[in-house]
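Here's the letter readout for the chains.
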Amino acid sequence: MSTYRTLTLLSIIGLTTVGSAIADVTQIDDTRAAMKIAAITKMYKQDIDDEGMSNPTVLQQYADDDLQAAIQLEQDYFDKHQMSCNVDYDVLWNAQDPDYTQDKKFSVTS
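Cut-offs and rules
Residues numbered from 1 in each chain as written. Predicted model: local features only at pLDDT ≥ 70, side-chain atom pairs only at ≥ 80, totals over all residues. Heavy atoms only, no water. Helix = DSSP H or I, 4+ residues; strand = E, 2+ residues; numbered from the N terminus. Buried < 20%, exposed > 50% of the residue type's maximum accessible area, 1.4 Å probe, protein only. Contact = heavy atoms within 4.5 Å. Core = buried A, V, L, I, M, F, W, Y, C linked by side-chain atoms within 4.5 Å. Lys, Arg positive; Asp, Glu negative; His and termini not counted. Salt bridge = Lys/Arg side-chain N within 4 Å of Asp/Glu carboxyl O. Polar contact = N/O pair within 3.5 Å; in protein donor to acceptor, adjacent residues only side chain to side chain. pLDDT = per-residue confidence, 0-100.

> A description of the overall build of the chain should follow, citing residues and the corresponding values.
When helices and strands are tallied, the chain shows 3 helices and 0 strands. Reading the chain from its N end, one meets helices and strands in the order α-α-α. The buried share of the chain, reckoned over its 110 residues, is 14%. Contacts in the chain between residues far apart in sequence, at least 24 positions, make up 47% of those at least 6 positions apart.

> For the nonpolar core, give the residues involved together with the corresponding values.
Counting 8 residues, the largest nonpolar core is built from M43, Y44, V58, L59, I71, L92, W93 and Y100. Of all the elements in the fold, those that place two or more residues in this core are α1 (2-49) and α2 (57-62). Among residues more than four places away in sequence, those in contact with W93 are Y44, D47, I48, P98, D99, Y100, Q102 and K104.

> Describe unusual backbone geometry, with residues and values.
Unusually for a residue other than glycine, Q82 sits at a positive phi of about 55 degrees. Structurally, the position occupied by Q82 is in the segment after α3 (65-81). Exposure remark for Q82: the relative accessible area of 55% places this residue in the exposed category. Positioned with a positive phi, N94 is a non-glycine residue whose angle comes to about 55 degrees. With respect to the helices and strands, N94 occurs in the segment after α3. Residue classification places N94 among the exposed residues on the basis of a relative accessible area of 60%.

> How would you sum up the side chain of D90? Please name residues and give values.
Considering the arrangement of structural elements, one finds D90 in the segment after α3. Buried charge D90 goes without a salt bridge, the closest partner of opposite sign being K104 at 11 Å. Polar side-chain contacts of D90 include one of 3.0 Å to the side chain of Y100.

> So what's going on with the confidence of the model for the chain? Residues and values would help.
Scored by pLDDT, the chain comes out at a mean of 77, with 72% of its residues at no less than 70. By mean pLDDT, α1 is the weakest element of the chain at 69, and α3 is the strongest at 89. Predicted confidence is poor over residues 6-10, with pLDDT under 50, and the contacts of this stretch with residues over four places away or in other chains come to 0 contacts. Contacts for the low-pLDDT stretch residues 15-20, under 50 throughout, to residues beyond four places or in other chains number 0 contacts.

> Give a detailed account of the pattern of salt bridges, specifying residues and quantitative values.
Side-chain pairing between opposite charges can occur once the charged atoms of the two side chains come close. What the rule picks out here adds up to 1 salt bridge. In this structure, D49 engages K45 in a salt bridge whose closest nitrogen and oxygen atoms are separated by 2.9 Å. Residue D49 and its partner K45 are located together in helix α1, separated by 4 residues, close to a single helical turn. According to the relative accessible area criterion, D49 is exposed, its value standing at 54%. Judged by its relative accessible area of 48%, K45 falls in the partly exposed class.

Structure below.
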């Protein structure tokens, strides 16, 4: 009987530990999602504040190395040929003349 009680107690302790670990992972995921939403919100706020006039500076501030390299290629091409590579619009909004006053809602999706 003592063995049964010990096994039951160990099972409860084990399940409690697993439950805590799952909760911690969920909390980390929620924190990461909140950080992502905050970064995207900040990007759009910066773009709205100057109505896209610093494009692509806002995008470059948050871009990874590959995107920064692509933006630099486009800028180098423009400097050499004085022609745009069709990136003459606000890429954050995917529009030539975006409506900066439109309602926006940001969320993390799968």
